Each structure stands twice: as structure tokens, then as C-alpha cells.
Amino acid sequence: MTPTATETAAETATGTATGTAAAPHTSAIIATDRLSFTYAAGTRPALDDINLQVAAGDFVGIIGPSGAGKSTLAAALSGVIPHYWKGSFYGAVRVDGRDSCEQSLTDISRTVATVFQDIEAQMVAAIVEDEVLFGLENFGVPKADIPGRVTDALDLVGIADLRRRTISSLSGGQRQKVALAAALALRPRVLLLDEPTSELDPASSVQIFETLQRLNREQGITVIVIEQKIMLLCAYARTLGVMDGGRLVHHGPVRTVLEHIEDLETRGVNAPRVTTFTHALRRAVGAGLPLTVTVDETESALRRAFSGAANDTTHNTQGERDVYAPL
Amino acid sequence: MSMLRFDRVGYSYGDGIAVHDLSFHIAAGEFTALVGSNGAGKTTVTKLMNGLLKPQSGTVYLDGVATASARTSRMARAAGGGVGMLFQNPDHQISKNTVLDEIAFSLSFGSMSRAEQRERAAAIADEFGFRADAEPFALSRGERQLLALASVLVAEPAVLILDEPTCGLDWRECMLVMDKVRARNQAGTTVVMVCHDMEVVGDFCRRMLVMDEGRLLADGTPDELFRRADLFGQAHIAPPQMVQLALRFADGDDALSRAMAPTADIQTALNAVLPLLSARTVQSGTCGPVVQGGVT
């Protein structure tokens, strides 16, 4: 099965969730070609015929039910599959145009920095500063440059005050930020994160996504984030991929994917509440209301509908701001 | 009589005060959410509730018994079932090699016969859709969370404490967990749930305790507290989307603003808005008759 919506990068620049971002570049920095993978001990493919194009500069959200293959996809995009986790690998993953099978894991890591779901397994140092500089030393960054890059990475994530702290004394949320800082210190072109906010409160979750958005917009870093918090994904990502049963069943601009709201729900993926609300309104009163994905958009849509502009379907998201943040 | 009562409770881990002068009580049968930012003291409160931590000042009462001086065996019998606790990470409480052994484990400490332990465990495994001989660590993260919950519920606790029970779950698993919890609450179990997801709080809880820096900021129903933007800013949490939406219309005097009552419930909002919207669209000729549909 092919994705129901496989817009090109140029198309992804329209109808985005956050609206004000610049259009991503059109070249794919990561691409999979009929990627399938079955774990050595597995009986069915964890990834099944995945065709995914990630444009350089895009902000991609990946969502799906448990066991859909999201973390396996992250492992394949980061080179962990096939270099570390073994199994039956079919098709290809191209990172910056080169087949991941023909690059070393280290080389792939220079392009793609990854924060995995189990950050405890990723941590190697006892002190925050040491954790952040570990990758820099391994990449052969000149010694004189390391302190500055550590400082920059800690500042970016907002944890400069934790620099000398022992990792064992940190909360789960603080550890997630340390892992993100360690990845950012490598100055990757692609940042790949697997459920980076799972242990964070709403304010800290928003802070992480704000940081990702800033990195994406200001430094052009391509962001791929696997996340169960659909409202955050819809507020910050430009494109959304939905996985189910090892397949990429939807991929495209956030709003386009959410048009498949009923199919998503059958797959165990809920839409933002305001999307469900406007979807139900549209179903009841017919065309004339846009499908909204944020509170801001929904407020605007309702006000337009009640001011007699219900026929205006050219919904403009430019400049609108999501409100999934503490008031 | 209160099922749980905190009377000027304080607790410190040494490097900072986790809970400060905390007083509240929870009646039997309530479904209470404990919310606040990371580090607010929520998990400490749950550990004080079940006696894992003893208060350093003040008193915690469970079914009228002060936890600081009660024996573990007395705590286990409190209110006829004691306290069951679901930790945030199920892997911190799963210890057996099969689903059946894992669920039966909590029953093995009492006087129940082994046959009855296995029978009750098998019944719960069946209710949750588990194969009895499945290996716990071969299950998905969400399934392990459900297994941990089943292992707690099998003991039929009088008080059920849940620390982020939906963390890391997909939506369907989240609803499955919460439906199980709601069913127990409707059968009389007192539920206290730490939760960051205000959509879940709005859907399932009837009371909210909002904490910040070890103190109780507010105590009320979700509907009351979701209207208080000042509170959410202070506690670093966000109200449900539908409440946020309704609050945008709170100061208006038009028909739409008057209809948009702050509620997390989509169907309630639809019922309020649809008649107004359909009247407008029919007037302007943009659509046919309204078909009132439920929310899927």
C-alpha cells in the first residue's frame, strides 16, 4: 500500500500547521525506497514497504499506535538498522543521497543525530557536561572548540545551569533535555527524536518543541520527531506521517493527513480535539468550514462562520499561532 | 469520613522541600487528578499516600490510620483493600516471567489459597485480553502498562493511585486503561491519578488538586479550575483544547460567545454551536438541513 498523500516538498510548504515557516528545500535529505525490515527474532516485518521522502529543512512528525514500527523506522533512518540491529533488510535508505548500507554508522551520525526513546540506554557519562562533550570528542572536534559547543548546546535547550550536575540527580524531563543537548552539540543536519517529551509536563513539552522549531527555522535543521502527543505535532510539524502495522499509511501536510480523521481513529490515532470538533461541524452543516488543527485556527474559523463568511474556504494560516501552551 | 487525609504534611529529600505544609482530604469513591509541573511534588504525594514515604512533619491518614505509625500489614487492610499503586514506568514493577505469574504475584502475600490466586489472576488476564503464558517483556510498552494495571487491580484495592498511567501509550491504549480505571471507580474504588494530559483529566476526573513547588495551589472540579488562566500559568499546565477555545469567547456578547461554555466535552460544545451555525448556513443557503451527528 502506498501512502494516501505523498506531497512533494513544494506542496508541503502550503497549508502547514504553523504557517509562518519558510518553505523547506526541495531536495530529500533522507529517503527510503521500498524499505522493509524484519528483526532476526521477528515473525513479521516491523517495516513493510516504506517509501518516505524527507525534504531538507522539513519538520516531520511521525505518529501511530504502539507496535506500528515508529521506533524501528527511527533506527533505520539513523543507521542503527542495518549497522547495529540485525535482521532481514530490503530496499534502501539514503541519507544525504548515499545508501545507508554503504556508509558507516559514524558517517551517518555526522548527518543525523538521534535521541532515542530509551535515553537511559543512550547516556554514557556521569556528569551533564561530559555527556554533551562525549560525542564531540568521538567525532574528533578540535579540543579548543569543545567548551564553546557544549555551552551553545546547553543554552539552546535551556539547561546551562545543569552543566555540572550528576545525571543521576536529574529528573526524567531534565535527562531528556540533556540527551537533546548532546545531539545538538554535534550540529547535525537532521535531528531525529523518538518521543522526546514522553516524561515532560506540558510546559516543558512545549519548550522542547519551541526549541526544535527554532532550530528548524533559524538553522535549517531538518527535524523528524516521533511523538504520541498529536496536538504538539499538529502545532509544530509541517508534514505528518502515520504508521500502522509497519506501513506508512499516510504522509503529507498535517492538514491533509487529518482530513483522513475517521481512518486515523480506526488505526488508534486521535486527532486534536478542535479538529474533531470542526470535523463534526463540517459533517453537520456541510462545506464552508475549514478543518482546523489548532485553537487559533478554530477560533478564527468560528468567528468567520458567524460573521457571514462561512463560504470562505481559503483558510489562511499565515501568522497564526498555536495556543497549545500554558496561558 | 475521609479515605485519605493530609494534615499539614511536609517532606524533604534533603536538597529541597518536595512537599510543604500540605493539607487536603479525599473522600471514598472520588476520582481525583493530581496535576502540576515536573518537580511540583506530585509523585512524592502519591508515595506519602501509600506509606512508601512517611511524613517528616504533619500526618497522613489512610482510612483514619496514620501511615507513619501503621504496620505494613495494617496498611494493606486499610478500608478493606489497602492501596494499589501503578508506577509511571511499568518495567519498575514487572518481575515475573509470565502474565499469569505477574498478575498473581500481589495476591501471594495474603492468606488466599494458591488455587484462588491463579483463578483470580486468570480472570483478570482474560478481562484485559492477555494470554496467561505470555512473557511480560515480550509485550509492547502499552501492553506492559496494562499488565501492570491488571496486577494492581487483581488485589481489589480500596484506593488506586496512578502515576502517569497514560504516559507513552497510544490513544487507543490510553482509552483502554482509563476505561478500566473508570469502571473500578464506578464500583467504589477511590482513584488518585497523577496526570499531565488535561484532555484525560477533563474526560475522566471529577476533582483536581493543582500543585506547584510542593504546595497546593488549587482544589476544585476540572470545570471550575480550567477557567482559571492565572492558575494554569502558575502551575505550567494547559487546559484542554476545547476549554481554551471556549475561553476565547468568554468576553463576547454575541450569540456564539454566549453559547460557548467552557467544557472539555466536544459533544456539549457541538450541541451549543450547531443550532446557531446551522441557522446561519441555512439562512445564507450554503447547505441543506442539518444532520445532527455524534462525535466519533
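Residues numbered from 1 in each chain as written. Chains lettered and ligands numbered in written order. Predicted model: local features only at pLDDT ≥ 70, side-chain atom pairs only at ≥ 80, totals over all residues. Heavy atoms only, no water.

### A word on the sheet that holds strand β1 (residues 2-12) of chain B
All names here are of chain B.
Now for step 1: Reading across from one edge, β2-β1-β4-β5 is the order of the four strands in this open sheet, with antiparallel pairing throughout. Unpaired on one side and paired on the other, β2 (17-27) and β5 (65-66) mark the two borders of the sheet.
Now for step 2: Looking at chain direction, strand β4 (residues 57-62) and β5 are connected through two bridges and run antiparallel. Within β5, the residue paired with leucine 62 across the bridge is valine 65.
Now for step 3: Set on the sheet, helix α1 (residues 42-49) makes contact with β1, β2 and β4; between it and β2 the angle comes to about 55°. (Pairing = 2+ DSSP bridges. Helix = DSSP H or I, 4+ residues; strand = E, 2+ residues; numbered from the N terminus. Contact = heavy atoms within 4.5 Å. Axes fitted to C-alpha atoms, helices over the stretch in contact; angles between N-to-C directions.)

### Some details on the environment of leucine 276 of chain B
Now for step 1: For leucine 276 of chain B, the position within the fold is in helix α12 (residues 266-283).
Now for step 2: The spatial distance from the C-alpha of leucine 276 of chain B to the C-alpha of alanine 255 of chain B is 7.7 Å, given a sequence separation of 21 residues.
Now for step 3: Not counting the four nearest positions on each side in its chain, leucine 276 of chain B is found in contact with Phe306 of chain A together with Ala255, Leu256 and Ala259 of chain B.

### A short note on the interface of chain B and chain A
Now for step 1: Taken residue by residue, the interface counts 52 residues in chain B and 48 residues in chain A.
Now for step 2: Between chain B and chain A, the buried area comes to about 4300 Å², and carbon and sulfur atoms account for 62% of it.
Now for step 3: Three residues, Trp171, Gln241 and Arg248 of chain B, lead the burial of chain B against chain A; their summed loss comes to 17% of the area buried on that side.
Now for step 4: Taken together, chain B and chain A are joined by four salt bridges.
Now for step 5: Residue aspartate 203 of chain B pairs with arginine 273 of chain A through a salt bridge whose shortest N-O separation is 2.7 Å.
Now for step 6: The interface formed by chain B and chain A holds 10 residue pairs in polar contact (both at pLDDT 80 or more) in total.
Now for step 7: At the level of elements, α6 (171-186), α7 (198-204), α9 (229-235), α10 (241-248) and α12 of chain B are the ones that each hand at least two residues to the side of chain B that touches chain A.
Now for step 8: Here the element with the most residues in the side of chain B that touches chain A is α12 of chain B; it accounts for 10 residues. (Buried area = accessible area lost by both parts, 1.4 Å probe. Salt bridge = Lys/Arg side-chain N within 4 Å of Asp/Glu carboxyl O. Polar contact = N/O pair within 3.5 Å; in protein donor to acceptor, adjacent residues only side chain to side chain.)

### What about the packing of aromatic side chains?
Residue and element names in this part refer to chain A.
Now for step 1: Counted by the stated rule, this structure contains six aromatic pairs over all chains.
Now for step 2: Centre to centre, the rings of phenylalanine 37 and tyrosine 39 are 5.1 Å apart; their planes meet at 85°, and the pair counts as edge-to-face.
Now for step 3: Under the relative-accessibility criterion, phenylalanine 37 is labelled buried at 1%.
Now for step 4: Take tyrosine 39: its relative accessible area is 29%, and that puts it in the partly exposed class.
Now for step 5: When the ring of tyrosine 39 is compared with that of tryptophan 85, the centres are 6.1 Å apart and the planes differ by 50°; the resulting orientation is tilted. Residue tyrosine 39 is located in strand β1 (residues 28-39), and its partner tryptophan 85 is located in the loop between α3 (80-83) and β4 (87-95); the two are separated by 46 residues in the primary sequence.
Now for step 6: A network of ring pairs unites the aromatic residues Phe37, Tyr39 and Trp85 as a single cluster. (Phe/Tyr/Trp six-rings, centres within 6.5 Å; stacked < 30°, edge-to-face > 60°. Buried < 20%, exposed > 50% of the residue type's maximum accessible area, 1.4 Å probe, protein only.)

### Quick look at the confidence of the model for chain A
Now for step 1: Averaged over every residue, the pLDDT of chain A is 83; residues scoring 70 or more account for 86%.
Now for step 2: Note that pLDDT drops below 50 for residues 1-25 of chain A; the model gives that stretch 64 contacts with residues more than four away or on any other chain. (pLDDT = per-residue confidence, 0-100.)

### Topic: the packing of helix α5 (residues 141-153) of chain B against α6 of chain B
Residues and elements named next belong to chain B.
Now for step 1: Remark: α5 packs on α6, axes separated minimally by 10 Å, with the N-to-C direction vectors making an angle of 10°. On the basis of their axis angle, the class for α5 and α6 is roughly parallel. Between α5 and α6, the residues in contact are Gly142, Glu143, Leu146, Leu149 and Leu153 and Glu173, Leu176, Val177, Lys180, Val181 and Arg184, respectively.
Now for step 2: Considered class by class, the residues forming the contact of α5 with α6 number six nonpolar, one polar and four charged. (Parallel < 35°, antiparallel > 145°, perpendicular 65-115°, else oblique. Nonpolar A, V, L, I, M, F, W, Y, C, P; charged D, E, K, R; others polar.)

### Observations regarding the pattern of salt bridges
Now for step 1: Going through the model one piece at a time under the given rule, you end up with 29 salt bridges over all chains.
Now for step 2: A salt bridge links glutamate 299 of chain A to arginine 248 of chain B; the shortest N-O distance between them is 2.6 Å. Of the two residues, glutamate 299 of chain A sits in helix α14 (residues 295-306) while arginine 248 of chain B sits in helix α10, which places them in two different chains.
Now for step 3: Judged by its relative accessible area of 15%, glutamate 299 of chain A is buried.
Now for step 4: The exposure class of arginine 248 of chain B is partly exposed, given its relative accessible area of 24%.
Now for step 5: One network of salt bridges, with partners in common, ties together Asp296, Glu299 and Arg303 of chain A together with Arg248 of chain B.

### Remarks on the sheet that holds strand β10 (residues 247-253) of chain A
Residue and element names in this part refer to chain A.
Now for step 1: On the basis of which strands lie adjacent, the open sheet formed by six strands has the order β6-β7-β8-β3-β9-β10 and mixed pairing. If you trace the sheet from one side to the other, it starts and ends with β6 (112-115) and β10, each paired once. For this sheet, the mean angle separating the axes of adjacent strands, direction not counted, is 15°.
Now for step 2: With five bridges joining them, strand β7 (residues 190-194) and strand β8 (residues 222-226) adopt parallel strand pairing. Among the inter-strand pairings, leucine 191 is bridged to a residue of β8, identified as valine 223.
Now for step 3: Running over the sheet, helix α2 (residues 70-77) touches β3 (59-63), β6, β7, β8 and β9 (239-244) and is turned about 150° from β8.

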